[in-house]
Amino acid sequence: MNEHLLSMHDLTADDVVRILDTAESFREVGTRVIKKVPALRGRTVVNFFLENSTRTRISFELAAKRLSADVINFSAGGSSVAKGESLKDTALTLQAMGADAIVIRHSSSGSPLQLTKWVDAHVLNAGDGTHEHPTQALLDLYTMREKHGRLEGLRVAIVGDVLHSRVARSLSWGLVTMGAEVTLVGPPTLIPPDAPAWGTHVSYDIDGLLPKLDVCYMLRVQRERQRLEFFPSVREYARLFGLTSARAATLPDHALIMHPGPMNRGVEIDSDVADQPGSVIEEQVTNGIAIRMALLYLLLGGTGEAAAA
Amino acid sequence: MTATVMAVDDIRRALTRVAHEIIERDKGAGDVVLVGIADRGDDLARRLAAEISRIEGTEVPVGVLDITFYRDDIGLRAEAPEVHETAISFDVSGKTVVLVDDVLYTGRTIRSAMDALMDLGRPHKIQLAVLVDRGHRELPIRADFVGKNVPTSRADQVRVQVTEVDGTDAVTVDRAQEGA
């Protein structure tokens, strides 16, 4: 394993398999009466969230607590950051307090990498700007592998606001590493110009694709990240790219419907579709805890030095 | 220099004897459950269960325990230790749990296994069955059932192979070179 988890680009197929296999064991811990193991006793994990987040922060907090690590939650509001402290000074403060791992979410792409230059702690990227969200990608890969038994050759469509989506970047790169066939779907304005270099296909037509899919991954329309108008109206978007009941009916029976949350019901996904049997959106959340436990364990469980033997 | 200390038949006879001893000690096998420590301990546990079933006609539940999260050397080794699966589908509370492992050495694995078991419930008793006891305990732990005592030096390597994992049954000792 690497020292940090910053990008899906840093992970080989073997690394991904190791993380998913380790998560498998941690998921069993979540089914016990006592959902806690002493693996990371005495370690300190700081959740450093400078952007709003509920599920990722709680998921990381639960993951660290189930490993018996001490957890400190630190968010922008009401902290020294609100008083104007720089990222560097805040990071050095966390370092001085003896953090073993820092889980960072930040609105600026690249801030986790920057953080690694200032601190000795292991850094885990919990979402940086419009760049990457590797833990989400890994829990999605876990869910797909669990349901389909494999990742290689899976036909996956990632639909929606790919341009602003760090989930889409991390997931596409992860899927391509694992040999899946990925198609990015959305209005041309929301497909990044460099997308062909990711090793994915691009399509502007969702309807032709649905009957051939193993996984239909819907992205959230991120209205808060759109400074310009990328599509004329939400209604038009929903009509052209939303996963309606009628569209979902054209998916093969074995196909999974996934969404990283939080959902805009009625925009990118119909309420009925989100709750139908093929939808594994809630399982994605459960698997997220196991994946984050696996990552904390793999990063903090060794000394990080080369093996002596 | 490698010496075979137990061959296929030796292992089979040892497991048969241990199965008899478990039945004798626990007065039948009614409340007994076997929990093998991954990996290889679980394979031995399944074989013991089959023996007990053959002798006594009692089906004994078998579980697999992974002790990785309970190890006392996490963070001391270069890489995080590899994690295996824990699969115990029954309640251990009130049961006589026989932990099964291939080699008993420092006793640290067994200490971890007992901690792990306690988190899963409150067994009435915990006993320990091992195929090989090679000595050099670092904790006050002893086995209740031993397949074979094998005197070793700390530098020796004891290797247990089971058909389920390795394709063959054997216990071998790589003796450390003189002066090495």
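Criteria and thresholds
- Residues numbered from 1 in each chain as written.
- Chains lettered and ligands numbered in written order.
- Predicted model: local features only at pLDDT ≥ 70, side-chain atom pairs only at ≥ 80, totals over all residues.
- Buried ≥ 20, exposed ≤ 12 C-beta atoms within 10 Å, placed from the backbone.
- Helix = DSSP H or I, 4+ residues; strand = E, 2+ residues; numbered from the N terminus.
- Pairing = 2+ DSSP bridges.
- Domains from an automatic or database assignment.
- Contact = placed C-beta atoms within 7 Å.
- Axes fitted to C-alpha atoms, helices over the stretch in contact; angles between N-to-C directions.
- Parallel < 35°, antiparallel > 145°, perpendicular 65-115°, else oblique.
- Left-handed = near helix turned anticlockwise from the far one by under 90°.
- Nonpolar A, V, L, I, M, F, W, Y, C, P; charged D, E, K, R; others polar.

Asker: Can you help me understand the pairing of strand β2 (residues 32–37) of chain B in this one?
Answerer: Working note: regular strand, side chains alternate between the two faces of the sheet. Residue and element names in this part refer to chain B. Here β2 lies mainly inside the structure; 6 of its 6 residues are buried. In β2, alternate side chains face the same way, and those of Val 32, Leu 34 and Gly 36 on one face and Val 33, Val 35 and Ile 37 on the other are all buried. In this structure, β2 lies alongside strand β4 (residues 96–104), joined through 5 bridges in parallel fashion. Bridge pairing in β4 links Val 33 to Val 97. Here β2 pairs with strand β3 (residues 62–65) via 4 bridges, running parallel.

Asker: Just to check I follow, could you spell out the domain arrangement of chain A for this structure?
Answerer: How big an interface is tends to be stated in terms of accessible area lost as the parts join. When its domains are assigned, chain A resolves into domain 1 (8–131 + 286–300) and domain 2 (134–280). At the level of elements, α1 (13–29), β4 (122–128) and α10 (281–300) of chain A are the ones that each hand at least two residues to the side of domain 1 of chain A that touches domain 2 of chain A.

Asker: Explanation requested: the environment of Leu 151 of chain A in the structure shown.
Answerer: All names here are of chain A. Inspection of the secondary structure puts Leu 151 in the loop between α5 (134–148) and β5 (155–159). On the basis of neighbour count, Leu 151 is assigned to the buried category, with 23 C-beta atoms found within 10 Å. Considered as a pair, Leu 151 and Asp 205 are 54 residues apart in the sequence and their alpha carbons are 24 Å apart. Excluding residues within four positions of it along the chain, Leu 151 makes contact with Leu 141, Met 144, Arg 145, Leu 175, Met 178, Gly 179 and Ala 180.

Asker: Sorry, what's going on with the sheet that holds strand β8 (residues 170–174) of chain B here?
Answerer: Adjacent strands of a sheet form backbone hydrogen bonds with each other and so pair up, either parallel or antiparallel. Residues and elements named next belong to chain B. The antiparallel open sheet is built from 3 strands, whose spatial order is β1-β8-β7. For this open sheet the edge positions go to β1 (2–6) and β7 (157–161), each flanked by a neighbour on one side alone. Taking each pair of neighbouring strands and ignoring which way they run, the sheet shows an average axis angle of 25°. The pairing of β1 with β8 spans 4 bridges and is antiparallel. Looking across to β8, one finds that Thr 2 is bridged to Asp 174.

Asker: Which parts of the structure should I look at to understand the environment of Thr 93 of chain A?
Answerer: Positionally, Thr 93 of chain A belongs in helix α3 (residues 87–96). As a C-alpha pair, Thr 93 of chain A and Ser 107 of chain A span 14 residues in sequence and 20 Å in three-dimensional space.

Asker: Would you explain the packing of α5 of chain A against helix α6 (residues 166–177) of chain A in this entry?
Answerer: Relative placement of two packed helices is described by the angle separating their axes and the distance separating the axes. All names here are of chain A. For the pair α5 and α6, interaxial distance at closest approach is 8 Å and the crossing angle is 50°. Between α5 and α6, the angle is such that the two are oblique. Two packed elements cross with a definite hand, and for α5 against α6 that hand is right-handed. Contacts from Pro 134, Gln 136, Ala 137, Leu 138, Asp 140 and Leu 141 in α5 reach Val 167, Ser 170, Leu 171 and Gly 174 in α6. For the contact of α5 with α6, the residue count by class is 6 nonpolar, 3 polar and 1 charged.

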